[in-house]
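# Structure assessment
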Amino acid sequence: MSEHQIHLRINGLSWSGAVEARQSLADFLRERAGCTGVHLGCEHGVCGACTVVVDGRAVRSCLMLAVQAGGSEVVTAEGLAAPDGTLHPVQQALLEEHGLQCGFCTPGIVTTLAALTAPGRTPSEEELLAALSGNLCRCTGYQGIRRAVRRLARAVREVAS
Ligand code: FES
Ligand code: FES
């Protein structure tokens, strides 16, 4: 089985080692890096549950190979809160608006929104909702998610003004 040596940063920490050539980034993050907040639903790019941030962009980690992430900065849902436990604004908005039920889809939603609302970016509510159009919630709790997006868009505008 062919393996490749890779170096990357995951949630601010360096990781180096050999990975199988065909291992997906999702499996690598879950099985080798301990990031079990990366959820696998469809495993073919449809549900969005496996979304992580790679070099600032939201990426479906089931569609990317681990070797392709070599040299990158990867952020998963586990890496969003501050070291003192303060929630990321996206997490706070979902919490305040009851934007999750079983939570299976939530890591993909928070990483998608976190990438779009990174410092210096001020997306509108409509842009945020459009970005989430590929994130499926099997609990169908979309109203809470929509309210959280509205709250988040407002917070982003306030920070920018
Ligand atoms: S598990 Fe990757 S998009 Fe569904
Ligand atoms: S909260 Fe259960 S899948 Fe979305």
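A contiguous nonpolar patch, built from V46, L136 and Y142 and spanning about 250 Å² of accessible area, is present on the exposed surface. Look at Y142 and you get partly exposed, because its relative accessible area is 33%.

Turning next to the packing of aromatic side chains. Here the structure, examined in full by the defined rule, presents one aromatic pair. Lying over the aromatic face of F104, R138 brings its terminal NZ or CZ to 4.3 Å of the ring centre.

It is worth spelling out unusual backbone geometry at this point. Leave glycine aside and you will find that most residues have negative phi; peptide bonds, for their part, are mostly trans. Residues other than glycine seldom take positive phi values, yet H98 does so here, at roughly 55°. Among the secondary structure elements, H98 is positioned in the loop between α2 (89-96) and α3 (106-116). Even without glycine at this site, T140 takes up a positive phi of about 60°. With respect to the secondary-structure elements, T140 resides in the loop between α4 (125-131) and α5 (142-160). Exposure remark for T140: the relative accessible area of 57% places this residue in the exposed category.

The geometry of α2 relative to α5 is characterised by a closest axis approach of 8 Å and an angle of 130° between their N-to-C directions. Here α2 is positioned oblique relative to α5, judged by the angle of their axes. The element α2 and its partner α5 pack so that their crossing is right-handed. Counted together, P89, V90, A93, L94 and E96 of α2 and I145, A148, R151 and L152 of α5 form the full contact between these two elements.

Each domain of the protein chain was delimited in the assignment, giving domain 1 (3-79) and domain 2 (89-160). Each of domain 1 and domain 2 has a C-alpha centre, and the two are 21 Å apart. In total, domain 1 and domain 2 occlude about 1,000 Å² of area from one another, counting both sides; carbon and sulfur atoms represent 59% of this. Seen at the junction of domain 1 and domain 2, the total is zero salt bridges. Put simply, the parts of the chain that give the side of domain 1 that touches domain 2 at least two residues each are β3 (51-54) and β4 (57-60). Residues of the side of domain 1 that touches domain 2, tallied by class, amount to nine nonpolar, seven polar and two charged.

Scoring rules and cut-offs
Residues numbered from 1 in each chain as written. Chains lettered and ligands numbered in written order. Predicted model: local features only at pLDDT ≥ 70, side-chain atom pairs only at ≥ 80, totals over all residues. Heavy atoms only, no water. Patch = residues over 30% accessible without salt bridge, like charges linked within 9 Å, V, L, I, M, F, W, Y side chains within 5 Å. Areas by Shrake-Rupley, 256 points an atom, 1.4 Å probe, with all protein chains shown as cover. Salt bridge = Lys/Arg side-chain N within 4 Å of Asp/Glu carboxyl O. Buried < 20%, exposed > 50% of the residue type's maximum accessible area, 1.4 Å probe, protein only. Phe/Tyr/Trp six-rings, centres within 6.5 Å; stacked < 30°, edge-to-face > 60°. Lys NZ or Arg CZ within 6 Å of the ring centre and 35° of its normal. Helix = DSSP H or I, 4+ residues; strand = E, 2+ residues; numbered from the N terminus. Axes fitted to C-alpha atoms, helices over the stretch in contact; angles between N-to-C directions. Parallel < 35°, antiparallel > 145°, perpendicular 65-115°, else oblique. Left-handed = near helix turned anticlockwise from the far one by under 90°. Contact = heavy atoms within 4.5 Å. Domains from an automatic or database assignment. Buried area = accessible area lost by both parts, 1.4 Å probe. Nonpolar A, V, L, I, M, F, W, Y, C, P; charged D, E, K, R; others polar.

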